[in-house]
Amino acid sequence: MAAYDESRAEDDGPIVRLTGLNKHFGSLHVLQDIDLSVYAGEVVVVIGASGSGKSTLIRCINGLEEFQQGRIEVDGNELLPNGASRAALHHIRREVGMVFQQFNLFPHRRVRENVTLAPRKVRGWSQDKARETADTLLERVGIADQADKYPGQLSGGQQQRVAIARALAMQPRLMLFDEPTSALDPEMIGEVLDVMRKLAREGMTMVVVTHEMGFAREVADRAIYIHEGRIVEQGRPEAVFDNPQQERTQAFLSRVL
Ligand code: ADP
Ligand code: MG
């Protein structure tokens with residue numbers, strides 16, 4: 001796991017840089033003056049109460065949400081306010097993998113096809129190359145033996161691991177996870193967290209919204225606490241979890257820990 005090293009990171013430049021990001025849903029000011037940089041190999045965990053803006057934040061990072069003020073840069077591409085950035089959006093969608101709470105697999109495609117579809121279409125890979133890569137990835141997430149099944153024949157934990165393999169097939173520079181274990185039965189949470197842990201160890205740059213505080217503390221290089229659309233506190237996970245400086249962070253953690 002990469003350490004959060006400000007000096008080295010500055011030389012490399014961040015993979016994600018949010019500057020003065022503001023977003024409104026009508027009269028709701030859902031993200032307020034967000035500044036956030038994520039460096040190569042870093043694992044950033046985002047915590048906060050339901051409705052605080054966590055999903056909106058990571059949806060902004062891969063251009064699924066428009067915003068009104070500020071800058072979003074991902075891998076050197078800049079997203080502009082009010083959706084004026086078609087070319088950058090195209091690039092960002094290729095370079096950023098996203099895993100949702102509700103796996104969002106294609107139900108009428110077999111597991112292997114779920115993984116090969118995007119790289120074949122977007123990267124123009126041959127069937128053989130896509131298939132080989134898919135089988136390697138399915139192996140990596142521990143479900144090589146499920147490749148010929150349909151998503152509906154798999155458990156929730158297996159489906160989520162397919163979703164991770166599918167995102168990885170595009171060879172993303174960055175992976176975004178939005179509560180990837182929240183829809184799972186408790187006995188399946190561990191198998192998905194194990195895959196994410198492995199990814200983190202291999203150096204994948206990750207932004208993870210999660211309520212799994214044990215996982216967050218163990219895997220994160222940095223934890224970020226969001227309250228009502230603002231970053232209220234951030235730092236090493238030990239600092240944020242064991243010694244929070246802000247009253248609102250303390251109150252949140254005392255409810256969830
Ligand atoms: P979290 O992921 O932290 O639970 P969200 O980012 O989903 O929070 O939502 C933050 C706030 O924005 C909530 O009050 C939610 O109701 C509101 N919101 C989210 N999406 C929309 C939308 N498409 N239109 C209007 N309001 C929305
Ligand atoms: Mg959410």
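Everything below is about the structure printed above this text.
So, a few notes on the structure that sits alongside this text. Keep in mind that what you see is a predicted model, and the values were worked out from it rather than measured. (Residues numbered from 1 in each chain as written. Chains lettered and ligands numbered in written order. Predicted model: local features only at pLDDT ≥ 70, side-chain atom pairs only at ≥ 80, totals over all residues. Heavy atoms only, no water.)

## A word on the site of ligand 1
Stated formally: Whether a residue is near a molecule or strand depends on its heavy atoms: it is near if one of them lies within 4 Å of it. We call two N or O atoms a polar contact when they sit within 3.5 Å, provided that within protein one can donate a hydrogen and the other can accept it, with sequence-adjacent residues counted only if both atoms are side-chain atoms. Per-residue accessibility takes into account occlusion by the displayed protein chains alone, with areas from the Shrake-Rupley method and a 1.4 Å probe. Each helix is a run of DSSP H or I of at least 4 residues and each strand a run of E of at least 2, with the numbering of both proceeding from the N terminus. Residue classes follow a fixed rule: Ala, Val, Leu, Ile, Met, Phe, Trp, Tyr, Cys and Pro count as nonpolar, while Asp, Glu, Lys and Arg count as charged, and any other residue, Gly among them, counts as polar.
Neighbouring residues of ligand 1: Phe25, Leu28, Val30, Ala49, Ser50, Gly51, Ser52, Gly53, Lys54, Ser55 and Thr56. Measuring from an oxygen atom of ligand 1, one finds a side-chain N or O atom of Lys54 at 2.8 Å. Bound to the protein, ligand 1 loses 57% of the 560 Å² it would expose on its own. Contributing elements (two or more residues each) for the shell around ligand 1: β2 (28–38) and α2 (54–61). No other element matches α2, which puts three residues into the shell around ligand 1. Looking at the shell around ligand 1, its residues break down into four nonpolar, six polar and one charged.

## A few points about the pairing of strand β1 (residues 16–25)
Looking down a regular strand, the side chains alternate between one sheet face and the other. This is how it is decided: Only strands that DSSP links by at least two bridges are regarded as paired with each other.
As judged from the seven bridges shared by β1 and β2, these two strands associate in the antiparallel manner. Bridging across to β2, Phe25 finds its partner in Leu28. Here β1 folds back onto β2, and the loop between the two strands holds two residues, one of which, Gly26, carries a positive phi near 60 degrees. Here β1 pairs with strand β4 (residues 69–74) via five bridges, running antiparallel. Across the sheet, Val16 pairs through a bridge with Val74, a residue of β4.

## Considering the environment of Phe103
Rule in force here: Throughout, exposure labels follow a simple rule: accessible area from a 1.4 Å probe, protein chains only, divided by the maximum for the residue type, with under 20% read as buried, over 50% as exposed, and the rest as partly exposed. Contacts are assigned to residue pairs with any non-hydrogen atoms lying within 4.5 Å of each other.
Inspection of the secondary structure assignment puts Phe103 in the loop between β6 (96–99) and α4 (111–122). According to the relative accessible area criterion, Phe103 is buried, its value standing at 13%. Taking C-alpha positions, Phe103 is 8.8 Å from Arg161, a pair spaced 58 residues apart along the chain. Residues contacting Phe103, with those up to four places away along its chain left out, are Gly156, Gln159, Gln160, Ala163, Arg166 and Leu184.

Function cannot be read off these values alone, since they describe shape.
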